[in-house]
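Given next are the chains, with one letter for each unit.
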Amino acid sequence: MDVATEVADEVDVLVVGAGPTGLMLGTELALGGVRVQILERRTAAQRDSRALTLHPRSIELMDQRGLVERFLARGRAVPEWHFAGLATRLDFSALDTRHGYTLFLAQARTEQLLTERARELAVPVRRGYEVVGLRQDADGDGAGPTGLGLARRDGEPGGHAAAGGVEVDVRGPGGGLRTVRARYVVGCDGGRSTVRRAAGIAFPGTDETLTGVLGDFAVVDPAALDRARAAGVLVAPLEADGPAGGPAEGRAGGLTRLVLIDPRRMRTPSAEPLTPEEFRSSLVDLCGTDCGVAQPRWLSRFGNATRLAARYRAGRVLLAGDAAHIHFPAAGQGLNTGLQDAMNLGWKLAAEINGWAPPGLLDSYHAERHPVGQAVTENTEVQTLLMELTLLPPYQRPAAALRTLLTELLGIEEVNRRLAGRISGLDTAYPPTAADADPLAGRRMPDIALTAAGSAAVRVHELLPPGRFVLLDLAGDEQLRQTVTPGWGPRVTALTVTRHDHRADLDGVREILIRPDGHIAWATRAPSLPDRRIERHRALTDWAGTPAQG
C-alpha cells in the first residue's frame, strides 16, 4: 500500500537519505525553525553497521547539542586509535578536548539515537520513498532546469520547477509517483547518490582497485582471536540488538566483527557476493585457523574507490556525507566527516531559508567542507597504500621497512598529536574571511568553563544546544546586551563573562563570537571599548546578518 499521503507536498528543505548525515542535518534544520522532511529509500532502519566509531570531534558536536550522554551510555570509549594499522597507536587522550577518545558505537545505534532526536524535534522521516529525479528553477545555478530523464504516463508529475525552488520526483512504497516541492534539496543518499547525478555534479576520483571483507559472527573462538590480530585482522566486539555495554568476543547474544584483506582475493570486485566459505578460507590462509566463526549475521565486501564531488552546491541542491565523498574506510572517518558536514551546513541553510543569511554564507559550506573532504580522501588513500604494499611480494620488504619507520615516527609526541588531530577531526579550522582576522578565527572554540554575570558556572558547549551564535564578552562591556539584543536577539546569545578557565591562546582576547557549529567566527583583542563595539557590529552583521529593525 502506498502511504504517500504521509509525505508533505511542500517543504523548505527536502533531505534525501536517513543515514547519520541526513538525520543530523534534519535535526539541525529543525533547530533553525525550518520545515524539513527526510525521505529514505529503505523501508526499515539499517540493521547492519558498516561504521563503528564516533571520533572526538563528532562527540564534541553531540555535546554541543546536549546529546552526548545518550551516546556515551550506549558506546565504549577507546582512548587510542590507529593510522593504517601501524603498531604505535594515535593517542586521542592527549588532544585538546574533554572527549579525548573514540566512542565505539555501531552505526545502527547512532542512527537510532539520531532518529529519536529527530522525533523529539518533530522532523518527519518517511521511509520507502525513492527519489528518481529533480528539476530546479533556472535561478538555482543559472543553468536552467536539470534532472534525470524519467518516462511518465499522462497525468503523472513532470514539467519545470516552480520559480525559486526544486521539484523532486518521488516513487512511493506502492510504486506511484508524486512530486515534492522544496526550496532546497540536500542529497545525503550515499556514494551512488541520485541527487548528485540529477543535479549534474561531477564525482571525479579513482575506481576500485582493492577490496576487503568484513563479517559479523554470532560465534567465534576467543582463543584464536589473538592469532587473527597478529595476522592483521581487525577484531571488534559488537552488540546484537540487545543491551549496550560491549559484549565479550564470542559471547552469546553478542557479535564479533572480523575485517581483513586477503592478498589472494583483494582484486575481487566488491559487487561479487561474499560467502561464509570464502571468509573462512581467507582466515585460514592468513591465520592458520578459521577462528571458529559461525552463524554470520552480515557479510560484506568493500572497495577503495575514492571520489570527491567537484562542488558541494549546485544552485538549490547541496550534498553531504557519502554523496559528497567516498573512500576506503581507513581509520573510520567517513561517518564522522558526514556528521561534521551536516553541522556546518544546517545553520547556514536555515539562515538562508529564514532570510537573514549574509551574502556568501551558504556558499561558504563548499569553501569550508570541500577541503576537509579532500584531506580525508587523501589520507585514506595513503593508509590504503601502506596496507596494500605489504601484501604485494615485490614491495613487501621495503613496505615493511616503511611501516617500521612510520611506527617509530608516531612515537614522537608532536608527530603523534598532529596525526591524531587530523584523524579525530579536532584540527579542522576554517579559513578566515578577513585578512586582519584574529588567529583564533575559524578554529574550534575550546570548551572552557566560565561564569557569566548573574549565572552559575557553565561550559561553552552547554551554551550551544539552541543552535544560535554565542557572543562572549571577556572584558566587561556593561552595554553589551543593549547593543546586541535589539538587532540580533533571536540569533545571538550575548554573555558578559566574569570568570573563565585560563588558556594561553585566549590571553588578550576581549570578545569572541562563536558560530552555531562551535567554530570561532570572530575574536578581538582591541583594548578600546569604542573600537570593540565598532568591530562587534561589523562581525555580527558579517556573520549573523543585518540587524532586525526594532
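Scroll up for the structure.
Residues numbered from 1 in each chain as written. Predicted model: local features only at pLDDT ≥ 70, side-chain atom pairs only at ≥ 80, totals over all residues. Heavy atoms only, no water.

### Regarding the packing of helix 12 (residues 480-488) against helix 13 (residues 529-544)
- Viewed as axis vectors pointing N to C, helix 12 and helix 13 meet at an angle of 25°, and their least axial separation amounts to 12 Å. In terms of orientation, helix 12 lies roughly parallel with respect to helix 13. Helix 13 is crossed by helix 12, and the crossing has right-handed handedness. Packed against helix 12, whose contacting residues are Leu480, Thr483, Val484 and Trp488, the element helix 13 presents Arg536, His537, Leu540, Thr541 and Ala544 at the interface.
- Considering only residue class, the contact of helix 12 with helix 13 consists of five nonpolar, three polar and one charged. (Axes fitted to C-alpha atoms, helices over the stretch in contact; angles between N-to-C directions. Helix = DSSP H or I, 4+ residues; strand = E, 2+ residues; numbered from the N terminus. Parallel < 35°, antiparallel > 145°, perpendicular 65-115°, else oblique. Left-handed = near helix turned anticlockwise from the far one by under 90°. Contact = heavy atoms within 4.5 Å. Nonpolar A, V, L, I, M, F, W, Y, C, P; charged D, E, K, R; others polar.)

### Some thoughts on the state of the cysteines
- The full count for this structure, using the stated rule, is zero disulfides.
- No disulfide involves Cys287; its nearest neighbouring cysteine sulfur is the one of Cys291, lying 4.7 Å away.
- Owing to a relative accessible area of 9%, Cys287 belongs among the buried residues under this scheme.
- Cys291 gets classed as buried once you look at its relative accessible area, which sits at 1%. (Disulfide = S-S within 2.5 Å. Buried < 20%, exposed > 50% of the residue type's maximum accessible area, 1.4 Å probe, protein only.)

### Description of the pairing of strand 1 (residues 10-16)
- Counting buried residues in strand 1 gives six out of seven residues, a clear majority hidden from the surface.
- Sheet topology places strand 1 next to strand 11 (residues 177-187); six bridges connect them, and they run parallel. In the sheet register, Val13 faces strand 11, and the bridge partner there is Tyr184.
- Both strand 1 and strand 2 (residues 36-40) contribute to a ladder of four bridges, which runs parallel. By the bridge assignment for strand 2, Leu14 is matched with Gln37.
- Where the polypeptide runs from strand 1 across helix 1 (residues 20-31) and back to strand 2, its parallel neighbour, the crossover connection is right-handed. (Pairing = 2+ DSSP bridges. Right-handed = clockwise from strand over helix to strand, strands pointing away.)

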